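Fold and contact review
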Amino acid sequence: VGLSTVIAIQGNKVFPGLGDWYLGKTGFKSQQTSEPADHDRPDNLWAPVDQERDYGAHGAFDDEARKKSWQLWANTHRGLVSLVASGVVGAIAASLLWRK
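Not measured: the values here are computed from a predicted model.

Observations regarding the overall build of the protein chain
Along the backbone of the protein chain there are 4 helices and 0 strands. Taking 13 Å as the expected radius of gyration for a compact globule of 100 residues, we find that the protein chain reaches 22 Å, considerably beyond that expectation. C-alpha atoms of the protein chain, sized along the principal axes, occupy 75 × 35 × 25 Å. Per-residue burial for the protein chain yields a buried fraction of 2% across its 100 residues. Total accessible area on the protein chain stands at roughly 10,100 Å², and carbon and sulfur atoms take up 60% of it.

This is the structure:
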C-alpha cells in the first residue's frame, strides 16, 4: 500500500488492460525465488504457523519496510491537503495577476 498502489489505480484509469497484461507476463516469475525451500519448515495447511505466538507481518522484506507512509497520511488528511493545495494555487494565481 502506497505510491505503487496509487500508480496502479491511476494507470488503470488511463490504460485499463496494461497492468493485467504486464502482470500476466511478469507476475508469476516475480514471485519466485532461486533459494531452495526449507523442507522442515512448518506449513499452514491445517492450522496457523504462528498459532502459539503471533509474529505479525514480518518476513523477507522487513529491511525494505518503512515506518511511515506519506501516501497514507495524505489519504487520511484529504481536507488539509486540499486546503494547502488550494492555498498554493491561489497564491500562484494571485502572484500572476499581481504582476499584470
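Some details on the environment of Asn 44
The residue Asn 44 is located in the loop between helix H2 (18–30) and helix H3 (70–76) in this model. With a relative accessible area of 58%, Asn 44 lands in the exposed category.

A look at the packing of aromatic side chains
The tally for this structure, following the rule as stated, stands at 0 aromatic pairs. Its end group placed over the ring of Trp 70, Lys 68 keeps NZ or CZ at 4.7 Å from the ring centre.

Considering H2
Over its 13 residues, H2 runs 17 Å from end to end, which matches the ideal 18 Å to within 8%, given 1.5 Å per residue. The principal kink in H2, of about 45°, is found at Gly 24. Little of H2 is tucked away, with 1 of its 13 residues classed as buried.

Quick look at a nonpolar patch on the surface
Among the surface-exposed residues, Trp 70, Trp 73, Leu 80, Val 81, Leu 83, Val 84, Val 88, Ile 92 and Leu 96 lie close enough to one another that they form a single nonpolar patch of about 890 Å² accessible area. Counting residues per element, the ones that place at least two in the nonpolar patch are H3 and helix H4 (78–99). Here the element with the most residues in the nonpolar patch is H4; it accounts for 7 residues. As for its placement among the helices and strands, Trp 73 is situated in helix H3.

The rules behind the values
Here the residue numbers are simple positions, counted from 1 along each chain's written sequence. Totals for whole chains, interfaces and linings use every residue, but because this is a predicted model, local features are given only for residues with pLDDT of at least 70 and side-chain atom pairs only at 80 or more, for both listing and counting. Only hydrogens and water are removed before side-chain values are computed, so all heavy atoms of the structure are retained for them. Here a helix means four or more residues in a row that DSSP labels H or I, a strand means two or more in a row labelled E, and each is numbered from the N terminus. In this description the radius of gyration comes from C-alpha coordinates, and the expected globular size is given by 2.2 Å times residues to the power 0.38. Throughout, exposure labels follow a simple rule: accessible area from a 1.4 Å probe, protein chains only, divided by the maximum for the residue type, with under 20% read as buried, over 50% as exposed, and the rest as partly exposed. To be clear on the numbers: accessible area is Shrake-Rupley with a 1.4 Å probe, and residue cover counts the displayed protein chains and nothing else. Stacked, tilted and edge-to-face are the three classes assigned to paired rings of Phe, Tyr and Trp, where Trp is represented by its six-membered ring and a pair needs centres within 6.5 Å; plane angles under 30 degrees give stacked, over 60 edge-to-face, the rest tilted. Two conditions define a charge located above a ring, namely a distance within 6 Å from the ring centre to NZ of Lys or CZ of Arg, and an angle within 35 degrees of the ring normal. Each residue after the first adds 1.5 Å to the expected span of a helix. To get the bend at any residue, fit one axis to the seven residues that end at it and another to the seven that begin at it, then take the angle between the two axes. Nonpolar side chains (Val, Leu, Ile, Met, Phe, Trp, Tyr) within 5 Å and like charges within 9 Å form the patches, drawn only from residues with over 30% relative accessible area and no salt bridge. What counts as a salt bridge is simple: a side-chain nitrogen of Lys or Arg found within 4 Å of a carboxyl oxygen of Asp or Glu.

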